[in-house]
Each structure stands twice: as C-alpha cells, then as structure tokens.
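Commentary on secondary and tertiary structure
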Amino acid sequence: MPPPPSIRPPARRRLRLPWLTALVGMASLAIGAEPPPAPAAPVQVTLPPPPLPPIAPPGPPPADPAASLYRAPGSLADGYLLTLEAEPRPPVLKSGKPTTLEVRPHDVVQAPGDPKPIEGTIDEEADGLVRFRDLKGIAHPKNPLRIADLLVFRRRAGTLAAVVRERSAKAADDPDAHLALAQDCLDADLLAEAEGELRRAIGLAPRRPDLWLKLADLCLGRGQRDAEVAALAAAVAAKADSPEVRERLGRRCLEFGLFHLAEQHFARGVALAAKLPDDAGPVDKAAAGLKGVEVERLLRLLAEARLLSGRAAEAVVTLKRLPENAAVANALAVADILGGQAEAALAALRKAAEAPDAPVSARNNLGAALFNSGDIAGALAHFEACRAAAPSHAKATANAALACAALGRLEEAQKLIASLRPPPGTSLGYWLAAGYVAEQAGNADAALAAYQQARKLDGGCFHAVAGVGRARLGQGDAKGAAEAFGDALALAPGDAQALRGLGACCLATGEFAAAADVFRKLAGDARATPHDLLRLAAALLPLPEGRKEAEGLVARALAAAQPPDPYALALAGCLAATGGAADGAEDLLRQARRAKAPDVAKYAAAALERLLAARGEEATLVAFGAGGASRLPDGWRATGEGSPTPQVLQDELRFEGAPAAANERGVATVVPFGGGASEKEKGPDRRFARFEVVASVPLTNEAAVGIALGMGQSTLQVALRTTRGPQLSRRLAYRIVRGPTPAAWAELPGTIAVEQLRLGIGLSVRAKEALDIYLGGKPVGDAVPFDALAQPGSDVTVGVFVAAEPQQQCLFSVYEAELVWKR
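Residues numbered from 1 in each chain as written. Predicted model: local features only at pLDDT ≥ 70, side-chain atom pairs only at ≥ 80, totals over all residues. Heavy atoms only, no water.

Considering the overall build of the protein chain
For clarity, the cut-off: Comment: elements are numbered from the N terminus, with helices defined as DSSP H or I runs of at least four residues and strands as E runs of at least two. In this description, contact between two residues means that some pair of their heavy atoms is separated by no more than 4.5 Å. Using the Shrake-Rupley algorithm and a 1.4 Å probe, accessible areas are obtained, with residue cover drawn only from the displayed protein chains.
Helix and strand content of the protein chain: 28 helices and 22 strands. Here the contacts in the protein chain between residues at least 6 apart in sequence split such that 63% fall between residues at least 24 apart. Accessible surface, the protein chain: about 37,100 Å² in total, of which carbon and sulfur atoms supply 54%.

Here it is in structure tokens:
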C-alpha cells in the first residue's frame with residue numbers, strides 16, 4: 001500500500017530564499033519571481049519515537065447481578081445480597097416505655113467518731129464493706145467502712161448498677177423477671193447489664209427461643225455480628241429451635257457466602273413453621289400451597305439459597321410454587337439474568353421495583369441490569385433510589401460508585417467508595433468497583449491493591465486478573481503486567497484488552513517481534529481500532545524490512561478518523577521526517593501540535609523545533625487562546641481591525657460578521673525587519689522564511705479569507721475566495737490596496753475544494769516589483785505587481801483578515817500563527 005500524501009516526500013520549495021509563506025490545511029502556495037532552481041537534497045531529520053496511545057481502560061466491570069460474579073462464594077458477602085430486601089438493619093432494642101430503674105436521692109452513714117450523719121453515695125459494696133463519698137465527692141477518711149460498725153446506715157440511694165443488682169437478686173430463679181429487668185436495662189441504655197440479665201434468664205430456661213433471639217438482637221445492635229451468629233447457633237444446640245432462629249441463621253449464612261448451609265437452615269425453618277413431620281420429603285414440595293407469611297418467606301429464602309449456589313433450575317421450581325409478589329418477581333428476575341434471559345429479567349425487575357411492596361434491593365437489581373445493558377445514567381438513578389430507601393445498602397453504594405466513575409464523575413465515585421468503611425473484605429463486587437474507580441482516577445497503586453484483593457477472592461475472575469495487569473503496567477512493571485495479562489488471556493482467549501496489554505508489555509521490554517505478533521492479531525480483527533494499527537506499526541519499525549508495512553498501517557490509521565488521530569499524526573510525521581520528507585513531516589507535526597493529547601502536543605513541538613533547525617530556521621509561535629493576540633512576542637504589535645473586532649474564544653481567534661453591512665476585519669501584526677542606519681536602530685538581524693497561519697474556513701457565503709502583507713504604503717492580500725453555488729468552490733484571488741481605493745479582486749486559476757488549508761505567500765528574490773504565485777509547486781497566473789518592497793530598517797505588517805460583501809455573513813477562525821526566521 002503506498003504511503004499517504006502527507007508521508008510521501010513532496011516537491012521541494014521552488015524558491016532559494018522564500019521570504020514569507022503561510023499555510024492553511026492541505027494546500028501550500030509559494031511565490032517567487034525567478035524560475036525555481038534545481039531541487040535541493042532532501043532534509044532528513046532523525047526524530048525520537050513518538051508517544052504511543054495509552055491502553056485505555058475497558059468498560060467498567062459488571063454490576064451485580066452478573067453471572068460472572070456469582071461463581072465466587074464470597075461475591076455477596078457482608079450483606080451485599082441482591083435478592084433479599086436489604087442488608088440487616090440494627091434491631092429496635094428499646095420498648096418505648098419509660099424505664100422503671102430510678103436512682104434514689106442519696107445514702108446516709110455515720111461512722112464512730114463522726115460528729116453527725118453524713119449524706120452521700122455508696123460507690124461500692126462487697127463482703128459487708130462499703131466505700132462512701134459525701135455530696136461533694138470527697139471519700140470518707142475511714143473507707144472502706146464496715147456496715148456492722150456504723151452508728152447510722154441508711155441506703156436511700158444507689159447507682160443504677162446497684163439498683164439492677166438489687167432487682168436481679170430479687171428475681172432469683174424467675175427467667176421472666178430477668179427478661180423484664182433486661183428490657184428495663186435496654187431502655188436505660190445499660191447494655192452490659194442487659195446482656196448479663198439475658199444470660200441469667202437463658203441459664204434458667206435454655207430452651208426458650210425468645211430469650212436467645214433477644215440476646216442475638218442485642219449483639220447485632222452493638223455491631224457484634226459474629227456474636228449474634230454464635231448466639232443463634234447456641235440456640236439451635238440448646239434445642240431452642242424455631243422458624244425465626246433458622247431464618248436468622250440462614251440469612252447470615254447467605255451473607256457469608258455459605259449457600260448450602262443457608263439452604264439447610266431455611267429448609268428446617270420451613271419444616272418448623274409448617275409443622276411438617278420428619279418424613280415429609282422435600283420441604284418445598286410438602287409445604288407448597290400452605291398459607292402463611294412466614295412459610296412463604298422461608299420458601300422464597302430457600303429458593304434464593306439454591307439460586308445463589310448455582311442451582312437456578314431448582315430455585316425457579318420453588319419460586320413458581322409461591323404466590324406472585326414483588327419479592328418473588330425480584331428473585332425470578334435474577335434467575336432469568338443468570339440464565340441469559342436479560343430482556344425478560346429487565347421487564348420483571350421494572351414491575352417488581354414499581355410494586356408498592358417492592359423489596360429495596362429490587363431497585364438495585366434493576367439498576368444493575370440497566371448498567372450491564374449499557375444504560376449507565378438510568379442505572380445510577382435506581383442505585384440512588386435504593387440508597388435513599390436503605391442508606392446502609394452497601395452493594396447499591398458500590399454500584400453507584402461504579403456508575404459515577406463510568407460517567408466520568410470521579411469525585412463522586414471516590415466519595416462513595418470512601419463511605420464504605422471499613423471496606424467489606426470479602427465482597428468481590430466492592431473490590432472490582434474500587435479498582436475501577438482508582439484506575440479511572442489514574443491511581444495505579446490503589447487500583448492494584450483493589451484488584452489484587454478481588455483476585456484473592458476469585459482467581460478465575462477475568463476482570464480482577466486483567467485489572468492487575470493494567471495496574472502493574474501503569475506502575476511501569478512490564479514483566480509483572482505481562483504475567484497478569486497472560487493469565488487473563490487464559491481465562492478469556494482472544495480478549496482485545498488483554499491482547500493490547502500484553503503487546504504493550506512486549507513493547508516496553510523491547511520484544512518487538514513478540515509485540516508485532518500480538519498486535520497483528522488485533523489488526524486483523526474487525527474490531528481493530530486505529531490505535532491498534534499504530535501499535536503494530538511501532539512494533540514493526542525496529543524490525544528489518546518493517547518500515548514499508550508500518551507506513552501502510554499509519555496511512556490506514558490516518559484515514560480511519562476525521563479529524564486525524566493525534567497519535568497517528570505524530571507517528572506519520574516521524575516517519576516522514578526520517579524518510580527525508582521534511583515538508584510533509586512539518587505539515588503533520590503542526591497538526592499534531594494542536595492535539596488535545598498533552599504528550600502528543602509536547603512531542604510535536606519538540607520535533608518541529610528540530611525539523612526547522614535542520615533547515616536553518618527557527619520559529620516564533622503565537623497561539624490564540626484565552627490571552628488572544630495580546631500575548632505576542634517582543635517587538636510585535638497587534639491591532640484588531642473592523643467593527644466588531646475579532647473575538648477570542650477558547651483556543652481560536654474568531655472572525656464573524658453580521659449580514660447587515662460589508663465586513664472587513666483582521667488582526668494586523670507589525671514586526672521589525674532587517675537592519676537600520678545605525679547599530680542601535682538595526683533591530684533583530686533576521687530574515688523571514690515564511691509566515692504561517694493555521695485556520696479553519698467554515699462554509700460561508702461569498703467572502704474572502706487570507707493573509708495580508710504590507711510594506712510602505714501598499715498591502716498585498718492573497719486570499720481564498722468563496723462563491724455560492726450548488727457545490728461550494730474556493731478560488732485563489734489577490735488584490736493590492738493602495739490609498740483609499742483598493743484594486744478589485746483578481747481571480748487566479750485553480751480551485752481548492754477543502755474545508756481546512758494552509759495559505760502562503762512568499763517574496764521573490766530577484767524581481768523587486770512582482771510576486772509570483774505558485775500552487776502545489778506549480779506557477780499559476782501572472783506575476784502580481786507589487787512595487788513597495790521593504791527597505792532596510794523599516795517594518796513589515798503581516799496579518800490575517802476576512803472580507804465579505806454587503807448582505808453576506810462570514811465566519812473564519814484562526815488557531816495559531818507562526819513567524820519562521822532564517823537563522
């Protein structure tokens with residue numbers, strides 16, 4: 001495949017000493033007065049390799065429910081259940097009634113030697129001894145006091161703990177009295193005393209389930225979830241069995257990923273609630289048709305345990321035996337998703353989420369289904385709705401962070417991840433979300449730590465393994481990254497992202513042949529991107545006979561996108577420069593310098609500097625942006641002409657005229673040129689090589705846009721003239737402005753049918769009264785008369801302008817101008 005025109009070595013400039021040239025897009029125009037000399041030897045410049053496009057992070061990992069996450073036993077740990085209503089909420093421990101525990105005013109003692117009885121508080125009482133403090137908190141000097149020796153001893157008050165001890169002693173062997181005292185302690189926020197009374201009650205009646213459940217509630221209310229499970233398991237061991245005990249145990253087993261054990265607890269709960277005999281057979285079948293909220297709830301939980309353990313078919317059979325409601329529809333939708341019936345699941349989840357009795361997690365499940373189908377904004381709305389209904393729903397929080405990161409709202413995503421403290425150590429979904437958020441934020445260290453945690457939970461999770469590879473590559477550990485990408489390819493052969501990562505590792509370690517083999521697989525795929533072609537070209541260049549194929553790949557990458565990809569422009573410019581096509585390289589690198597990619601823009605600026613230096617030139621760049629034309633180099637003076645004056649918008653200087661009147665406006669720049677009468681007046685001893693303006697010529701009505709060159713009392717305007725018609729045409733034209741009456745526009749042969757181009761003018765070396773115009777290296781038309789050439793010591797005015805006839809509106813945008821000097 002031949003290289004593109006921008007890489008193919010162009011015809012050299014025909015002028016030995018061009019004075020001024022400006023270029024806009026894909027055309028160039030040079031002016032000279034004498035026949036062009038023989039072509040000079042091509043300028044060949046060796047440039048360093050340009051930056052390659054980074055391996056872009058893939059799309060986010062799936063949000064639950066996703067079949068890939070259900071293979072890990074710990075994927076739904078720590079209350080991140082999708083099919084249940086929400087994660088456990090702290091139980092209500094207080095009865096809502098005023099506590100009966102009241103403290104009396106104070107105690108009274110009088111020891112031998114005390115002049116009178118003293119009022120205060122007994123702090124401690126044991127073995128007939130007390131410690132006493134008066135009302136000011138001063139301890140009695142004879143502490144501890146023996147009660148039998150005291151002249152006066154009246155217990156009129158005591159601490160709440162003392163009151164509890166008194167009532168506990170009175171309760172003796174009555175478990176109900178101890179239970180009532182425990183409730184009084186809970187109402188008074190005496191949690192330790194309440195636990196003690198509950199354990200005394202259990203010691204007296206170990207087979208009462210209500211006592212064990214109250215103790216489990218107390219443990220859960222204090223955040224001691226392991227203690228809660230231990231209390232429930234102890235209840236079963238003590239034969240204090242009940243449907244509620246089994247349901248609580250089964251739910252906790254689900255949260256810990258113990259799905260088979262959860263199934264056993266739910267099955268036993270169904271049998272107890274339905275009062276089934278031991279030989280009744282499968283409990284879900286035996287209990288089918290039985291009424292009762294408790295039986296139906298336990299059967300649904302039994303089905304969910306089977307669903308999460310991978311036995312979806314059995315789960316569906318059980319669920320279909322239950323009356324239809326939102327919770328059952330929620331679980332059936334998850335079964336449909338795991339069975340690959342995404343559309344049916346989505347419809348079911350929408351119905352479940354809108355039901356009046358919808359479980360909270362139905363919103364999360366609906367958001368996850370939308371997220372995995374690509375509707376990230378819609379998914380985020382449902383994740384937030386789930387969090388609003390259940391603020392402690394941690395899975396919805398992690399999913400919301402994932403959606404925010406996918407939408408580019410990184411600050412929100414980071415706050416959501418940070419809110420889950422402490423991190424749920426056994427949740428695969430959480431660690432995948434945390435890794436993706438850190439990766440999007442550019443934090444390779446945090447991403448690696450999160451993906452490694454996910455990989456520990458499930459070594460077969462492709463998202464975790466590939467994430468480790470990307471994070472290591474971001475840290476510069478190409479060898480470690482290559483190992484991870486190899487593991488990822490073993491899990492998902494042919495995955496494009498893993499192949500890109502492996503190829504990038506080979507490039508980083510200098511294994512160019514191996515890198516070429518990897519990227520060739522991608523380049524031959526229908527899903528290949530221009531960046532895949534560029535990476536293959538970069539791998540081929542160091543190889544013998546690889547340049548020709550690399551040029552063809554770069555040409556394909558350039559043609560694949562409009563405007564051209566900045567990385568493709570940089571690599572094409574590098575190839576052109578090293579191949580001796582300096583003019584083509586300059587054109588490509590100038591485009592790359594304006595790229596939004598900072599690494600490409602920096603490379604192109606440095607490459608252009610080396611390219612101009614090889615020609616004996618140097619350039620002064622004026623980029624129009626927030627500072628506009630006011631940020632000109634020393635010695636330049638810029639004035640806006642016309643009304644209104646041009647506007648500076650973002651990174652361009654914009655000329656836009658109203659259709660009410662003739663518009664002619666521009667930016668004129670006065671530049672010192674040549675020497676002077678004395679050394680002091682000489683100024684910079686430089687000669688122009690050319691003046692370049694990079695501009696955009698949008699579709700307009702009849703108008704002229706171009707460059708003005710002024711010396712003495714005359715100004716030459718060389719412009720692109722637009723005409724209206726069925727198909728827009730652009731023709732070169734010129735005019736000379738002398739005094740109050742400018743010359744009419746003179747059309748030149750040649751039509752330019754491009755939206756963006758670079759337009760240039762140059763000064764003839766020999767003919768002092770004429771300028772020759774060249775288009776594409778060929779002369780067009782006759783020489784343009786121009787009799788006011790600059791003399792040593794004078795200034796030259798150069799500028800960009802736009803002109804339109806009355807009743808015509810025009811638009812012209814200038815991005816940058818550059819004055820190129822001969823060294």
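Some points on the confidence of the model for the protein chain
As a reminder of what qualifies: The predictor reports its confidence for every residue as pLDDT, a score running from 0 up to 100.
Counting all residues, the mean pLDDT for the protein chain is 75, and 70% of those residues have values of 70 or more. In this model, residues 1–38 is a region of pLDDT below 50 whose contacts with residues beyond four sequence positions or in other chains number 147 contacts. Between residues 761–769, whose pLDDT stays under 50, and residues either more than four places distant or in other chains, the model counts 35 contacts.

Notes on the packing of aromatic side chains
Condition: Centre distance within 6.5 Å is the pairing criterion for rings of Phe, Tyr and Trp, where only the six-membered ring of Trp is used; planes under 30 degrees apart are then read as stacked, over 60 as edge-to-face, and the remainder as tilted. Classification of residues uses two cut-offs on accessible area relative to the type maximum, computed with a 1.4 Å probe and protein chains only: under 20% is buried, over 50% is exposed, and between them is partly exposed.
For the structure on display, the rule yields 1 aromatic pair. For the pair Y430 and W431, a centre-to-centre distance of 4.9 Å together with 75 degrees between the ring planes defines the contact as edge-to-face. Taken individually, Y430 and W431 each receive the classification buried, so the pair is uniform in this respect.

Quick word on the pattern of salt bridges
Rules: Here, a salt bridge means any side-chain nitrogen of Lys or Arg that lies within 4 Å of a carboxyl oxygen of Asp or Glu.
Counted by the stated rule, this structure contains 31 salt bridges. One salt bridge in this structure joins D123 and R133, with 2.8 Å as the shortest N-O distance. Here the residue D123 occupies a position in strand β3 (residues 118–126), and R133 occupies one in strand β4 (residues 129–134), the gap between them amounting to 10 residues. Between R409 and E412 there is a salt bridge, and its shortest N-O distance comes to 2.9 Å. Note on R409: relative accessible area 35%, which makes it partly exposed. Overall, the relative accessible area of 36% leaves E412 in the partly exposed class.

Concerning the state of the cysteines
For clarity, the threshold we go by: The rule for a disulfide is simple: a pair of cysteine sulfur atoms within 2.5 Å.
If you walk through the whole model with that rule in mind, you get 0 disulfides. Between C505, a cysteine without a disulfide, and C506, which holds the nearest cysteine sulfur, the sulfur-to-sulfur distance is 6.9 Å. A relative accessible area of 0% places C505 in the buried class.

Observations regarding a nonpolar patch on the surface
Here is the rule we go by: Only residues whose relative accessible area exceeds 30% and that form no salt bridge enter a patch; like-charged residues are grouped when within 9 Å of one another, and nonpolar side chains (Val, Leu, Ile, Met, Phe, Trp, Tyr) when within 5 Å.
Residues F256, L258 and L261 make up a contiguous nonpolar surface patch of about 230 Å² in total accessible area. On the accessibility criterion, L261 (37% relative accessible area) is partly exposed.

Details of the packing of helix α4 (residues 209–221) against helix α5 (residues 225–237)
Convention followed: Between N-to-C directions, angles cover 0 to 180 degrees, with each direction set by a line fitted to C-alpha atoms, over the stretch in contact for helices. The scheme is simple: roughly parallel for angles under 35 degrees, roughly antiparallel for over 145, roughly perpendicular for 65 to 115, oblique for anything else. Under the scheme applied here, ten amino acids are nonpolar (Ala, Val, Leu, Ile, Met, Phe, Trp, Tyr, Cys and Pro), four are charged (Asp, Glu, Lys and Arg), and all others, including Gly, are polar.
In the contact formed by α4 and α5, the axes pass within 7 Å of each other and the chain directions differ by 170 degrees. The angle between α4 and α5 places the two elements in the roughly antiparallel class. Here α4 contributes W212, L213, L215, A216, C219 and L220 to the contact with α5, which in turn contributes R225, A227, E228, A231, L232, A234 and A235. Taken together, the residues of the contact of α4 with α5 sort by class into 11 nonpolar, no polar and 2 charged.

Remarks on helix α23 (residues 530–540)
A large share of α23 lies buried, amounting to 9 of its 11 residues. Three or more residues of α23 are buried, namely D532, L533, L534, R535, L536, A537, A538, A539 and L540. Next to the buried residues of α23 lie α21 (496–508), α22 (512–523), α24 (547–559) and α25 (566–578).

Describing the sheet that holds β4
Rules: We call two strands paired when DSSP finds no fewer than two bridges between them.
Taking strand neighbours across the sheet as the criterion, the 5 strands line up as β5-β4-β3-β2-β6 in an open arrangement whose pairing is antiparallel. Each having just a single partner strand, β5 (145–146) and β6 (152–154) make up the two edges of the open sheet.

Looking at unusual backbone geometry
Going from N143 to P144, the amide bond is cis rather than trans, its omega being -10 degrees. Structurally, the position occupied by P144 is in the loop between β4 and β5. For the bond running from Q562 to P563, omega is 0 degrees, close enough to zero to count as cis. Inspection of the secondary structure assignment puts P563 in the loop between α24 and α25. In this structure, D189 is a non-glycine residue whose phi angle is positive, near 65 degrees. Locating D189 in the fold gives a position in the loop between α2 (175–187) and α3 (191–204). For K275, which is not glycine, the phi dihedral falls at a positive 55 degrees. By the element assignment, K275 lies in the loop between α7 (259–274) and α8 (283–286). A relative accessible area of 75% means that K275 is categorised as exposed.

So, the packing of helix α17 (residues 428–440) against helix α18 (residues 444–457)
Cut-off, in case you're wondering: By convention the crossing between two helices is left-handed if the near helix lies anticlockwise of the far one by an angle smaller than a right angle, and right-handed if it lies clockwise.
Where α17 contacts α18, the two axes come as close as 8 Å, and the packing angle between them is 160 degrees. By the angle class used here, α17 and α18 are roughly antiparallel. In this structure, α17 meets α18 at a crossing whose hand is left-handed. Residues L428, W431, L432, A434, G435, Y436, A438 and E439 of α17 touch α18, and the partners they reach there are A446, A447, A450, Y451, Q453, A454 and L457. Looking at side-chain class alone, the contact of α17 with α18 contains 12 nonpolar, 2 polar and 1 charged residues.

Here we look at the nonpolar core
Rules: We call a set of buried residues a nonpolar core when its members are Ala, Val, Leu, Ile, Met, Phe, Trp, Tyr or Cys and they connect through side-chain atoms within 4.5 Å of each other.
The biggest cluster of nonpolar side chains holds 57 residues, and the ones touching the most others in it are L47, V554 and L589. For this core, the element with the highest residue contribution is α25, accounting for 10 residues. A63, L370, A398 and L428 belong to the second largest nonpolar core, which has 48 residues in total.

Considering the environment of P62
If you trace the backbone, P62 turns up in the loop between β1 (29–30) and β2 (107–110). Taking the relative accessible area as the measure of exposure, P62 reaches 18% and is therefore buried. Considering only alpha carbons, one finds P62 and A368, 306 residues apart in sequence, at a separation of 7.8 Å.

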